[in-house]
Amino acid sequence: MIGLISTTAAGTVARDRLAAAWPGRTRVYEGPVGEAVRSAFAECEQLVCFLATGAVVRLIAPLLGDKTADPGVVCVDEGGRFAVSLVGGHGGGANELARAVGDLLGAEPVVTTATDAVGLAGLDTLGLPYEGSVATVSRALLDGEPVALEAELAWPLPPLPVSPRGACTIRLTDRDVEPGEHEVLLRPPSLVVGVGASKGAPVEEVLGLIEGALREAGLSPKSVAELATVDAKAKEPGIVAAAGRLGVPLVTYSAEELAAVEVPNPSEAPLAAVGTPSVAEAAALVRGGELLVPKTKSQARPAMATCAVVRRPGRGRLAVVGLGPGARDLLTPRAAAELRRASVLVGLDQYVDQIRDLLRPGTRVLESGLGAEEERARTAVAQAREGHAVALIGSGDAGVYAMASPALAEASDDIDVVGVPGVTAALAAGAVLGAPLGHDHVSISLSDLHTPWEVIERRVRAAAEADIVVTFYNPRSRGRDWQLPKALAILAGHREPTTPVGVVRNASRPDESSRVTTLAELDPATVDMMTVVTVGNTATRIIAGRMVTPRGYRWQESTQTRTQEGAQ
């Protein structure tokens, strides 16, 4: 919950905007400001105070305890110009809250946390449990000192400027070890504990068995991702309570799913009881991994619980990111976040140059030139399979004549794939021209490098016969100068010479140019590969110099009728 506190009329207006935008996430505190701050500090995970920072500092100073437990506090000034992350920048989430408040209120987020200020991923913000000298190692990273990364298993970490060796170390491990003096341990959620239990097994027995098995195997409880069992035990109190105390979800599988898993220690007892020869081992192994602890029974007499522990490999992550048509303000916030998250960036060199300034220190860039699309797709998937967090970039929307299709054709279900949409060239050009895509429309690439011209021509002819607005991508290059005239001739066989045509070059970029002409007057020689050509349908009109395709023919007719009646 986010506590909201204000004392002035202007602050109250801004406060109420947050409350309206985030229903269910906020609570307004009224009354004397000191009492309101004390109550919100005790009851909420975060606070937004519409007060001067000096006043808030004095009010919260006696309340501060531990930075890992204190709420994050953000201050917004009287004019609503700045959202200041005051305390709890990482642990309390104040830095992200300041950015969110800034986005909503139009205020400038002020974040002074050193790692955030230079774009470095904070070791305490990676979403992984951590131990050790976070301040010391972070300071070394900030100062450019060599910091070693020792990853005992592959995991999709964000970019970190690490070296093969260094006086400080970041160690990614699920083993139960103590951090060194200049070391940070990151605990990946790599361990799955399969659990079986007799009816009424006490939580102390289940939990004691799990903790003992992990301890004997030298594994950290902080790396346990989930407990797993059979559906029949989904509500067994001892198992449910054990998962709760460990702070992990309880995942269940059907007896049929578990019976299909090959295990080293099957048994007749669970087969008779729940329909599978293994619960603990099968539940831990059902989604793959390395069996570290075979089926182990509790020490109670009679033993009422069993467990097994599996290490699942980290799944690499591939984000296929659309950068939009080129303008920075048409790059979506989600795309920017994925670029910051990726430790490996794969892309066409000229697209990499567009967003290089957004990358975090330590990002490994794998760039190549034109004509290497399939190779870039294979490279991105291969990097994800090695356990990295990868961003594969393309212009416009990566799923439209771009990198998503070759990448997804290469990828299998051994990696996580995320698609990040972008503003396409057709949409960017359409916005420049007016509203040419107001009704049914189709995009067709005229490049026959990968698609036979016979197929392209058949599609153009179908669009012409169906009276659909057509946007041509890749319309003309020095080596392909006849395809556009041919396509326009096909359309001319079904549309009037006066049909509006929009031509936009470098949509949304500084050297953008556009013009609206007609099917008869368009000179294909004025078009190149940086141009998008949009040909209207029989209903498209030029109104005040803009292309407009009505939303429907009936709508168009009623509009024309009203226009004519108004003129009489």
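Residues numbered from 1 in each chain as written. Predicted model: local features only at pLDDT ≥ 70, side-chain atom pairs only at ≥ 80, totals over all residues. Heavy atoms only, no water.

Participant: Is there a simple way to explain the pairing of strand β23 (residues 469–473) in this structure?
Facilitator: Look at any regular strand and the pattern is simple: side chains alternate between the two faces of the sheet. Buried residues dominate β23, accounting for 5 of its 5 residues. Residue alternation in β23 divides its side chains into two sets, V469, T471 and Y473 and V470 and F472, and both sets are buried. Of the strand pairs in this sheet, strand β22 (residues 441–445) and β23 are connected by 5 bridges, and their pairing is parallel. Bridge pairing links H441 to V469 in β23. In terms of strand pairing, β23 meets strand β26 (residues 531–535) through 3 bridges, oriented antiparallel. From the neighbouring strand, V470 faces β26, where its bridge partner is V535. (Buried < 20%, exposed > 50% of the residue type's maximum accessible area, 1.4 Å probe, protein only. Helix = DSSP H or I, 4+ residues; strand = E, 2+ residues; numbered from the N terminus. Pairing = 2+ DSSP bridges.)

Participant: So what exactly am I meant to see when it comes to the confidence of the model for the protein here?
Facilitator: When pLDDT is low, close inspection of the predicted coordinates is not appropriate. A residue-level look at the protein finds 97% of positions with pLDDT of 70 or above and a mean pLDDT of 91. Contacts for the low-pLDDT stretch residues 562–568, under 50 throughout, to residues beyond four places or in other chains number 0 contacts. (pLDDT = per-residue confidence, 0-100. Contact = heavy atoms within 4.5 Å.)

Participant: Would you explain the side chain of E281 in this entry?
Facilitator: With respect to the helices, strands and loops of the structure, E281 is situated in helix α11 (residues 280–285). Among the polar contacts listed, one links the side chain of E281 to the backbone nitrogen of K295, at a separation of 2.9 Å. In contact with E281, other than residues within four places in its own chain, are V263, P264, N265, L291, P294, K295 and A308. (Polar contact = N/O pair within 3.5 Å; in protein donor to acceptor, adjacent residues only side chain to side chain.)

Participant: Looking at this structure, I do not really get helix α2 (residues 33–43). What am I missing?
Facilitator: Side chains of residues three or four places apart in an α-helix project in the same direction, reflecting 3.6 residues per turn. Within α2, the full set of buried residues consists of G34, A36, V37, A40 and F41. Burial along α2 is one-sided: seen end-on, the buried residues are contained in an arc of 160°. (Arc of directions from axis to C-beta.)

Participant: I would appreciate a short explanation of the packing of aromatic side chains in the present structure.
Facilitator: Scanning the model with the defined rule gives 2 aromatic pairs in all. Here Y401 and Y473 contribute two aromatic rings whose centre-to-centre distance is 4.7 Å and whose plane-to-plane angle is 50°, an arrangement assigned as tilted. With Y401 in the loop between β19 (389–394) and α15 (404–410) and Y473 in strand β23, the pair connects residues that are 72 residues apart, well separated along the chain. Y401 gets classed as partly exposed once you look at its relative accessible area, which sits at 43%. (Phe/Tyr/Trp six-rings, centres within 6.5 Å; stacked < 30°, edge-to-face > 60°.)

Participant: What is the right way to read empty space enclosed by the protein from this model?
Facilitator: Following the criterion strictly, the structure yields 1 cavity of 30 Å³ or more and no others. Within this model, the largest cavity holds a volume of roughly 40 Å³. Elements with a minimum of two residues in the lining of the largest cavity: β16 (317–322), α12 (333–341) and β19. Considering every element that reaches the lining of the largest cavity, the biggest residue donor is β19, with 3 residues. Of the residues assigned to the lining of the largest cavity, the class counts are 5 nonpolar, no polar and 3 charged. (1 Å grid on protein atoms, 1.4 Å probe; cavity = no way out; pocket = protein on both sides within 12 Å on 5 of 7 lines; lining within 4 Å. Points joined across faces, edges and corners; volume = space filled by probe spheres on them. Nonpolar A, V, L, I, M, F, W, Y, C, P; charged D, E, K, R; others polar.)

Participant: Teacher, can you tell me more about unusual backbone geometry here?
Facilitator: Glycine aside, a negative phi is what most residues show, and trans is what most peptide bonds show. A cis amide bond links R301 with the next residue in sequence, P302, at an omega value of 0°. With respect to the helices and strands, P302 occurs in the loop between β14 (290–297) and β15 (305–311). With a phi angle near 75°, S508 is a residue other than glycine that sits in the positive phi range. Take S508: it is sitting in the loop between β24 (500–505) and β25 (513–518). Phi angles above zero are rare outside glycine, and A544 is one such case at about 55°.

Participant: What's the story with the sheet that holds strand β8 (residues 147–151) in this structure? I'm lost.
Facilitator: Strand pairing in a sheet takes place through backbone hydrogen bonds and is either antiparallel or parallel in direction. Within the open sheet, the 4 strands sit side by side as β7-β10-β9-β8. Their pairing is mixed. Each of the sheet's edge strands pairs with one partner strand only, and the pair in question is β7 (130–132) and β8. Pairs of neighbouring strands in the sheet enclose a mean axial angle of 15°, with direction left out of account. The pairing of strand β9 (residues 168–172) with strand β10 (residues 183–186) spans 4 bridges and is classified as parallel. (Axes fitted to C-alpha atoms, helices over the stretch in contact; angles between N-to-C directions.)

Participant: How should the environment of D174 be read in this particular structure?
Facilitator: By the element assignment, D174 lies in the loop between β9 and β10. It is 5.5 Å that separates the C-alpha atoms of D174 and S223, two residues lying 49 residues apart in sequence. In this view, D174 contacts L153, R187, P188, S190, L191, L219, S220, S223 and R311; residues no more than four positions away in its chain are not counted. Within the local environment of D174, its side chain forms a polar contact with the side chain of R311, the two groups lying 2.8 Å apart.

Participant: Would you mind showing me how to read the packing of helix α7 (residues 203–217) against helix α8 (residues 237–246) here?
Facilitator: The description of two helices packed together rests on the angle between their axes and the distance between the axes. Between α7 and α8, the least distance of the axes is 8 Å, while the angle of their chain directions is 55°. Taken as axis vectors, α7 and α8 run oblique relative to one another. Here the hand of the crossing between α7 and α8 comes out right-handed. Along the contact surface, α7 presents V203, E204, V206, L207 and I210, while α8 presents G238, I239, A241, A242, R245 and L246. Grouping the amino acids of the contact of α7 with α8 by side-chain chemistry returns 8 nonpolar, 1 polar and 2 charged. (Parallel < 35°, antiparallel > 145°, perpendicular 65-115°, else oblique. Left-handed = near helix turned anticlockwise from the far one by under 90°.)

Participant: How should the sheet that holds strand β4 (residues 72–76) be read in this particular structure?
Facilitator: As summarised here, the arrangement of the 6 strands in space is β2-β1-β3-β4-β5-β6, forming an open sheet in which the pairing is mixed. Of all the strands in the sheet, the pair left with one neighbour each is β2 (26–29) and β6 (108–110). Strand after strand, the sheet turns through a mean of 20° between neighbouring axes, direction not considered. Pairing analysis gives 4 bridges linking strand β1 (residues 2–6) to β2, with the strands arranged parallel. By the bridge assignment for β2, L4 is matched with V28. Here α2 sits on the sheet in contact with β1, β2, β3 (46–50) and β4, set at roughly 155° to β2.

Participant: What exactly am I supposed to notice about the nonpolar core here?
Facilitator: Buried together is how nonpolar side chains tend to be arranged in soluble globular proteins. V193, I210 and L227 are the most contacted members of the largest nonpolar core, which has 23 residues in total. Mapped by element, the contributors of at least two residues to this core are β11 (191–197), α7, β12 (224–230), α8 and β15. Tallying contributions element by element places α7 first for this core, with 7 residues. Those residues within four positions of L227 in sequence are excluded, and the remaining contacts are V193, V195, I210, I239, A242, A243, L246, V248, P249, L250 and V251. Listed in part, the 21 residues of the second largest apolar core include A463, V470, L522 and V527. (Core = buried A, V, L, I, M, F, W, Y, C linked by side-chain atoms within 4.5 Å.)

Participant: Can you walk me through the environment of I543 in this structure?
Facilitator: By the element assignment, I543 lies in strand β27 (residues 541–543). Residue class for I543 comes out partly exposed when judged on its relative accessible area of 49%. Expressed as a C-alpha distance, the spacing of I543 and G434, which sit 109 residues apart in the sequence, is 9.1 Å.

Participant: When you look at helix α16 (residues 425–433) in this model, what are you seeing that I'm missing?
Facilitator: For α16, the set of buried residues is A426, A428, A429, G430 and L433. Phi for G434, located one or two positions after α16, is positive at around 135°.

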